[in-house]
Amino acid sequence: MLRALWRSGRFRVSVSLIALLVGVALVGPNLSDANPRFAVGGRYNPPSAGIWLGTDAIGNDVFVQLMHGLGTSLYIGLVAGTVATVIGVVVGTLSGYLGGFLDELLMGLTNVLITVPTIVILVLLSVALQNRSTLLLGVIIGVTSWPWTARAVRAQTSSLKVREHIDIARLSGAGTLRLIGLEILPYMASYVVMAFVLQLSNGVLNEAALSLLGLGPSQSISLGRMLQSALQGEALRVGAYWAILPQTVLLSLIAFSLLLLQSSLDEFFNPRLRRR
Amino acid sequence: MSPFARYLTNKVFWYLLAFIAATALNFFLPRLVPGNPVDAIISQMAQGGGASGEALQRVYSTYIAEFGLDRTPLEQFGAYLRNLLRGNLGTSLGNYPASVNSLISSALPWTLALQLPTILLGWLLGNLLGALAAYKGGWVDRGAFLGALAFSSIPYYGLAILLLYGFAVALPWFPTGGAYSFAATPSLTWVFVLDAARHYVLPFSSLLLVVVGGQAIGMRSMAIYELGADYVAYERALGVREGHIVRGIFRNAVLPQITGLALSIGALAGGALITEIVFSYPGLGTVLFNAIRQNDYPVIQAVTLLVTVAVLVANFLVDLTYGLIDPRIRAAQSGGA
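First, a word on what this report is: a plain description of the structure on this page. (Residues numbered from 1 in each chain as written. Chains lettered and ligands numbered in written order. Predicted model: local features only at pLDDT ≥ 70, side-chain atom pairs only at ≥ 80, totals over all residues. Heavy atoms only, no water.)

1. Some points on the overall build of chain B
Quick reminder of the rule: Put simply, DSSP marks the helices as runs of H or I at least four residues long and the strands as runs of E at least two long, and each gets a number from the N terminus on. Each residue gets one of three labels from its accessible area relative to the maximum for its type: buried under 20%, exposed over 50%, partly exposed in between, using a 1.4 Å probe on protein chains only. A contact between two residues is defined here by any heavy atoms of the two lying within 4.5 Å.
When helices and strands are tallied, chain B shows 13 helices and zero strands. Taken from the N to the C terminus, the helices and strands of chain B come in the order α-α-α-α-α-α-α-α-α-α-α-α-α. By residue count, 46% of the 337 residues in chain B fall in the buried class. For chain B, contacts bridging at least 24 residues in sequence account for 73% of all contacts bridging at least 6.

What follows is the structure, encoded as structure tokens:
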């Protein structure tokens with residue numbers, strides 16, 4: 001299956017990009033023991049031989065900050081994506097498989113949360129939690145973005161549960177959880193993976209959005225925090241492109257490669273989306 | 001009850017529920033902040049040294065009374081709802097003694113001017129482009145698809161920053177921010193309108209491109225799906241005119257796209273708020289940003305409530321349109337929410 005997937009150009013490009021980004025995030029901060037919060041120059045020094053991407057508004061090395069920020073952003077995205085996917089799959093499968101009152105209740109909750117704009121819940125939650133670690137921020141983003149996954153997973157589950165192999169498993173005495181785990185989830189694994197990929201990108205971008213509103217991680221450097229401080233420091237208006245474009249490009253690159261990956265997976269698993 | 005009325009009742013029920021949930025979240029979440037929010041603000045103001053003891057005392061008693069902090073949470077919620085019903089959003093903590101209503105009403109027109117045209121025009125252009133790409137295929141499709149994917153994956157604020165750098169700093173064609181020049185005062189003169197239009201171009205295009213990209217991708221896959229459907233092959237075999245077939249495909253593919261519009265409005269509202277911050281556009285996003293910086297809870301709550309109501313109303317209108325044009329709802333009975 002992987003070999004067949006690898007034939008898709010989109011898949012190859014997106015996987016290589018993601019591998020590169022993750023690799024840089026893992027290796028980057030360990031390349032040197034430079035402290036990202038240590039001023040190495042003045043306000044907005046342009047790029048030079050020693051300081052590849054110049055300095056930011058308070059004289060910190062943008063390149064060193066970028067190496068640390070990339071990891072933080074990816075980590076928040078991973079936490080948010082995992083939390084959202086796990087809640088979405090649990091709610092979606094239980095709701096779709098059990099049906100009845102529980103289904104009505106869970107889907108009611110899901111629909112209400114889908115209708116209320118995510119940014120509103122995110123802002124209210126983040127305002128309420130004054131001290132936000134990267135982990136907490138990831139969880140906050142995750143618990144606001146699961147309804148999409150839940151709704152889609154429920155639709156898949158209710159179409160799967162009328163299949164014969166489910167009846168056979170039920171007749172042979174499998175419990176609900178066992179049934180969902182062994183007879184339903186494997187049949188929509190590709191779907192869950194795609195949803196997870198989208199949630200990853202959603203998590204990274206939401207971190208940046210919150211940071212831009214001034215609600216980013218309290219203690220850590222993330223791409224969003226870098227973006228916010230560059231905007232507040234008027235980096236663009238004074239022409240210090242090196243202090244604002246790198247994190248913008250990185251965020252866009254993360255989102256683009258994840259979306260490209262999702263679309264290549266979608267085309268692979270849903271042949272009807274391919275041209276005949 | 002007619003199917004359409006049943007469809008409508010169902011929708012109204014869900015939107016009311018969402019509204020109640022949002023109002024409750026809006027009220028209770030900021031109250032989770034440990035301690036009394038007013039105490040926190042007052043101590044901050046005192047540290048800032050900007051206000052005298054007497055002024056602080058006045059601010060303090062205003063808020064204690066306004067929030068009803070000496071009463072039970074349920075009574076406070078009741079007071080909050082009563083004020084909301086009267087259209088009174090309270091007093092700003094950060095810009096005392098300005099009322100939240102005045103802050104909001106001076107910002108709202110700018111936000112509406114930015115968001116309404118982007119949604120409508122972006123949806124229309126995106127769907128046309130997506131349908132064209134699917135129908136033409138070949139390099140048109142490849143180009144349109146990659147372009148749309150790139151624009152729809154770039155976050156709103158990312159594109160905003162790139163455009164701002166490209167067309168206001170590197171090539172100084174447009175102003176770097178604000179909704180009008182510092183020297184200008186809002187009035188209905190040609191000079192001011194032109195000035196405002198020049199400030200409008202970049203924020204508007206950055207939002208428009210993202211909406212067009214997202215809608216085009218959705219429409220493209222819907223149309224490809226329809227192009228492969230059996231009825232198209234059948235019509236072609238019968239020798240039905242191509243124009244007629246294309247109309248049919250478009251009509252079928254556009255229905256899910258209307259739902260897609262409803263779903264993207266919430267994300268667009270959030271994205272637009274942040275785009276405003278990038279361009280220092282004087283709308284609700286900038287108001288929200290300043291309020292967050294000052295822990296100005298009444299203003300934060302007012303903005304989140306307003307955004308929620310706007311998104312719910314917009315969604316409801318889209319659902320209404322959908323109910324009016326979907327032949328299945330016209331003909332048969334209603335579906336879920």
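2. Some thoughts on the overall build of chain A
To keep things clear, this is the line we draw: All accessible-area figures derive from a Shrake-Rupley calculation using a 1.4 Å probe, and residue coverage is judged against the displayed protein chains alone. The sign given to each residue is positive for Lys and Arg and negative for Asp and Glu; His and the chain ends receive no count. Note that the charge is assigned to NZ on lysines, CZ on arginines, CG on aspartates and CD on glutamates.
Looking only at helices and strands, one finds 11 helices and zero strands in chain A. Each helix (α) and strand (β) of chain A, taken in turn from the N terminus, gives the series α-α-α-α-α-α-α-α-α-α-α. For chain A, the residues scored as buried account for 51% of the 276 residues in total. For chain A, long-range pairs separated by at least 24 residues make up 70% of all intrachain contacts whose partners lie at least 6 apart in sequence. Of the roughly 12100 Å² of accessible surface on chain A, 65% is carried by carbon and sulfur atoms. Taken as two groups, the 19 positive and 12 negative side-chain charges of chain A have centres that lie 7 Å from each other.

3. What about the nonpolar core?
So the rule is basically this: In plain words, nonpolar cores are sets of buried Ala, Val, Leu, Ile, Met, Phe, Trp, Tyr and Cys residues tied together by side-chain atoms within 4.5 Å.
Residues Val123(A), Ile244(A) and Tyr157(B) are the most contacted members of the largest nonpolar core, which totals 123 residues. When residues of this core are assigned to their parent elements, the largest contribution, 13 residues, is made by helix H10 (residues 242–278) of chain B. In this structure, Tyr97(A), Ile166(A), Ala169(A) and Ile180(A) belong to the second largest nonpolar core, which totals 11 residues.

4. What to know about the interface of chain B and chain A
Note the following rule: Accessible area that two parts lose when put together, evaluated with a 1.4 Å probe and summed over both, is termed the buried area. For this analysis, a salt bridge means a side-chain nitrogen from Lys or Arg found within 4 Å of a carboxyl oxygen belonging to Asp or Glu. Distance and chemistry together define a polar contact, namely a pair of N or O atoms within 3.5 Å, with one atom able to donate a hydrogen and the other to accept it when in protein, and with adjacent residues in sequence counting only for side-chain atoms on both sides. Residue polarity follows a fixed list, in which Ala, Val, Leu, Ile, Met, Phe, Trp, Tyr, Cys and Pro are nonpolar, Asp, Glu, Lys and Arg are charged, and the others, Gly among them, are polar.
Taken residue by residue, the interface counts 61 residues in chain B and 49 residues in chain A. Around 4600 Å² of area is buried between chain B and chain A when both sides are counted, 75% of it from carbon and sulfur atoms. For chain B, the biggest contributors to the area lost against chain A are Tyr157(B), Ile161(B) and Tyr165(B); these three give 13% of the whole. On inspection of chain B and its partner chain A, the count reaches zero salt bridges. Run the count over chain B and chain A and you get one residue pair in polar contact (both at pLDDT 80 or more). Of all elements in the fold, only helix H1 (3–28), helix H5 (100–136), helix H6 (138–153), helix H7 (156–170), helix H8 (190–227), H10, helix H11 (284–293) and helix H12 (297–325) of chain B reach the threshold of two or more residues within the side of chain B that touches chain A. Of the residues contributing to the side of chain B that touches chain A, the split by class is 42 nonpolar, 16 polar and three charged.

5. Some words on the side chain of Gln215(B)
If you trace the backbone, Gln215(B) turns up in helix H8. Apart from the residues lying within four places of it in its own chain, the contact partners of Gln215(B) are Gly122(B), Trp123(B), Gly126(B), Asn127(B), Gln257(B), Gly260(B), Leu261(B) and Ser264(B).

6. A short note on the side chain of Thr144(A)
All names here are of chain A. Tracing the chain through its elements places Thr 144 in helix H6 (residues 134–160). A polar side-chain atom of Thr 144 sits 2.8 Å from the main-chain carbonyl oxygen of Ile 141. Among residues more than four places away in sequence, those in contact with Thr 144 are Thr 118, Ile 121, Leu 122 and Leu 125.

7. Looking at the pattern of salt bridges
One pass over the structure, following the stated rule, counts two salt bridges over all chains. One salt bridge connects Arg154(A) with Asp103(A), and the closest N-O pair in it is separated by 2.7 Å. Pair noted here: Arg154(A) is in helix H6 and Asp103(A) is in helix H4 (residues 100–115), with a separation of 51 residues, a long-range link. Judged by relative accessible area, which is 12%, Asp103(A) ranks as buried. Note that Asp319(B) and Lys11(B) form a salt bridge whose closest N and O atoms lie 3.6 Å from each other. Of this pair, Asp319(B) sits in helix H12 while Lys11(B) sits in helix H1; the two residues are 308 residues apart in sequence, bridging distant segments of the chain. Judged by relative accessible area, which is 12%, Asp319(B) ranks as buried. A residue is classified by how much of its surface remains accessible, and Lys11(B), at 11% relative accessible area, is buried.

8. Points about the environment of Tyr225(B)
Residues and elements named next belong to chain B. Of note, Tyr 225 is situated in helix H8. Assessed through its relative accessible area of 35%, Tyr 225 is described here as partly exposed. For the pair Tyr 225 and Ala 113, spaced 112 residues apart in sequence, the C-alpha separation works out to 35 Å.

9. Quick look at unusual backbone geometry
Of note, the phi angle at Ser280(B) is positive, near 45°, even though the residue is not glycine. Looking at the secondary structure, you find Ser280(B) in the loop between H10 and H11.

10. Topic: a nonpolar patch on the surface
The test is simple: Like-charged residues within 9 Å of one another, or nonpolar side chains (Val, Leu, Ile, Met, Phe, Trp, Tyr) within 5 Å, are grouped into patches, provided each residue has over 30% relative accessible area and no salt bridge.
A contiguous nonpolar surface patch, about 400 Å² in accessible area, is contributed by Val22(A), Leu26(A), Val27(A) and Leu31(A). Note that Leu26(A) resides in helix H2 (residues 9–31).

11. Quick look at the environment of Asp61(A)
All names here are of chain A. On the secondary structure map, Asp 61 appears in the loop between H2 and helix H3 (62–98). Taking the C-alpha atoms as reference, Asp 61 lies 62 Å from Gly 173; in sequence the two are 112 residues apart. Those residues in contact with Asp 61, other than ones at most four positions away along the chain, are Phe 38, Val 40, Ile 51 and Gly 54.

12. A few points about H6(B)
Going by this rule: A helix is expected to span 1.5 Å for every residue after the first. In this description, the arc belongs to the directions extending from the helix axis to the C-beta atoms.
Across its 16 residues, H6(B) extends 22 Å between first and last C-alpha, which sits within 8% of the 22 Å expected from 1.5 Å per residue. Looking at H6(B), one finds that the buried residues are Asp141(B), Ala144(B), Phe145(B), Ala148(B), Leu149(B) and Ser153(B). Buried residues along H6(B) cover an arc of 140° about the axis, so they all sit on one side. Turned more than 90 degrees from where H6(B) packs its buried face, Trp139(B) and Arg142(B) sit exposed. Those residues of H6(B) that are buried lie in contact with H2, helix H9 (189–212) and helix H11 (245–269) of chain A together with H5 and H8 of chain B.

13. Let's talk about the environment of Pro117(A)
Locating Pro117(A) in the fold gives a position in the loop between H4 and helix H5 (118–128). Under the relative-accessibility criterion, Pro117(A) is labelled buried at 2%. Expressed as a C-alpha distance, the spacing of Pro117(A) and Thr144(A), which sit 27 residues apart in the sequence, is 9.6 Å. The contact partners of Pro117(A), leaving out residues within four places of it in the chain, are Gly266(B), Val307(B), Thr308(B) and Val311(B).

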